[in-house]
Amino acid sequence: MTRLISFAFLALCLMVPATAQAQSSNEGKSLLQILFPPSDNYNKYRRSDKSPIKRKMISFKENHPVGTIVIDTSDRRLYHVVKPGKAMAYGIGVGREGFTWQGKNRITRKAEWPGWTPPQVMRDRVKRQEGRVLPAYMPGGPDNPLGARAMYIGSTIYRIHGTNQPWTIGKAMSSGCIRMANEDVEHLYEQVDIGTRVVVRN
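In this text, all values refer to a predicted model and were calculated from it rather than measured experimentally.

Asks: Please clarify how the environment of Pro52 should be interpreted in this entry.
Replies: As for its position among the elements, Pro52 is in the loop between α3 (42-45) and β1 (56-59). Using a relative accessible area of 56% as the deciding quantity, one classes Pro52 as exposed. Along the sequence, Pro52 and Ile169 sit 117 residues apart, while their C-alpha atoms lie 7.2 Å from each other. In this structure, Pro52 is in contact with Pro166 and Ile169, ignoring residues within four places of it in sequence.

Structure, rendered in structure tokens:
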């Protein structure tokens, strides 16, 4: 019995530094965070302004005037022609099945931290299919689905806009708009003027 008590006391002494260390590392965390720490996938899906597909300068032999934006929805890439034979390539998110489109148009408006007014047809569809009620209007900001910048395409309902959900880049998940990581859409926004030609192809 004496030996058992001695072992128990020794084990308690050895645990004290570890307990103190644990308390130090848990300082500032809620009980919920301590008991249920984030999963291994937490960092993979948290919001970010960075794209998983790094933008890069590429050779681009297509015959488009300098300044043209070429959007390839099959490749999920946006190409901005910066000089003859060269384009900056960005990873993008595109319309899901049934929401892809193609055509030629121009940038008619630019906005920083734009507000979002979802079209009524979208609000009706989301309510019918998902049971969610979208707001009639959402002011601009970090939580807004249009992200940090938006470039409006002609008089259509479509935009090239930012997102803070980088896992959607390279995927077909939107209702037809072209998504870019916030970091990339800010970069493109500075290079593009009202009237810029936009070519969208499947």
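Asks: Would you take a moment to explain the sheet that holds strand β2 (residues 69-72) for this structure?
Replies: Paired through backbone hydrogen bonds, the strands of a sheet run either parallel or antiparallel to each other. Taken in spatial order, the nine strands line up as β1-β4-β3-β2-β11-β6-β7-β8-β10 in an open sheet, and their pairing is mixed. Among the strands making up the open sheet, the edge pair consists of β1 and β10 (178-181). Neighbour-to-neighbour, the strand axes of the sheet open up by a mean angle of 30°, direction not taken into account. Across three bridges, strand β7 (residues 149-153) lies against strand β8 (residues 159-163) in antiparallel orientation.

Asks: How should the pattern of salt bridges be read in this particular structure?
Replies: Close approach of charged atoms allows side chains of opposite charge to pair. Counted under the stated rule, the structure contains six salt bridges. Residue Glu62 is joined to Arg201 by a salt bridge in which the shortest nitrogen-to-oxygen separation is 2.7 Å. Here Glu62, found in the loop between β1 and β2, pairs with Arg201, found in strand β11 (residues 197-201); they are 139 residues apart in sequence, far enough to count as distant. Asp72 is paired through a salt bridge with Arg201; the nearest N and O atoms lie 3.1 Å apart.

Asks: Which parts of the structure should I look at to understand the environment of Glu112?
Replies: Here Glu112 is to be found in strand β6 (residues 103-112). With a relative accessible area of 49%, Glu112 lands in the partly exposed category. For the pair Glu112 and Ala150, spaced 38 residues apart in the sequence, the C-alpha separation amounts to 6.6 Å. If we skip the residues at most four places from it in the chain, Glu112 touches Ala148, Arg149 and Tyr189.

Asks: Please explain the confidence of the model for the protein chain as it appears in this structure.
Replies: Predicted confidence across the protein chain gives a mean pLDDT of 84, with 77% of residues reaching 70 or more. Between residues 38-45, whose pLDDT stays under 50, and residues either more than four places distant or in other chains, the model counts one contact.

Asks: It is not clear to me how the side chain of Asn164 should be interpreted in this structure. Could you clarify?
Replies: The residue Asn164 is located in the loop between β8 and β9 (172-174) in this model. Reaching out from Asn164, the side chain makes a polar contact with the backbone oxygen of Pro142 at a distance of 2.4 Å. Apart from the residues lying within four places of it in its own chain, the contact partners of Asn164 are Arg47, Ser48, Asp49, Pro142, Asp143 and Asn182.

Each value, and the rule that gives it
- Residues numbered from 1 in each chain as written.
- Predicted model: local features only at pLDDT ≥ 70, side-chain atom pairs only at ≥ 80, totals over all residues.
- Heavy atoms only, no water.
- Helix = DSSP H or I, 4+ residues; strand = E, 2+ residues; numbered from the N terminus.
- Buried < 20%, exposed > 50% of the residue type's maximum accessible area, 1.4 Å probe, protein only.
- Contact = heavy atoms within 4.5 Å.
- Pairing = 2+ DSSP bridges.
- Axes fitted to C-alpha atoms, helices over the stretch in contact; angles between N-to-C directions.
- Salt bridge = Lys/Arg side-chain N within 4 Å of Asp/Glu carboxyl O.
- pLDDT = per-residue confidence, 0-100.
- Polar contact = N/O pair within 3.5 Å; in protein donor to acceptor, adjacent residues only side chain to side chain.

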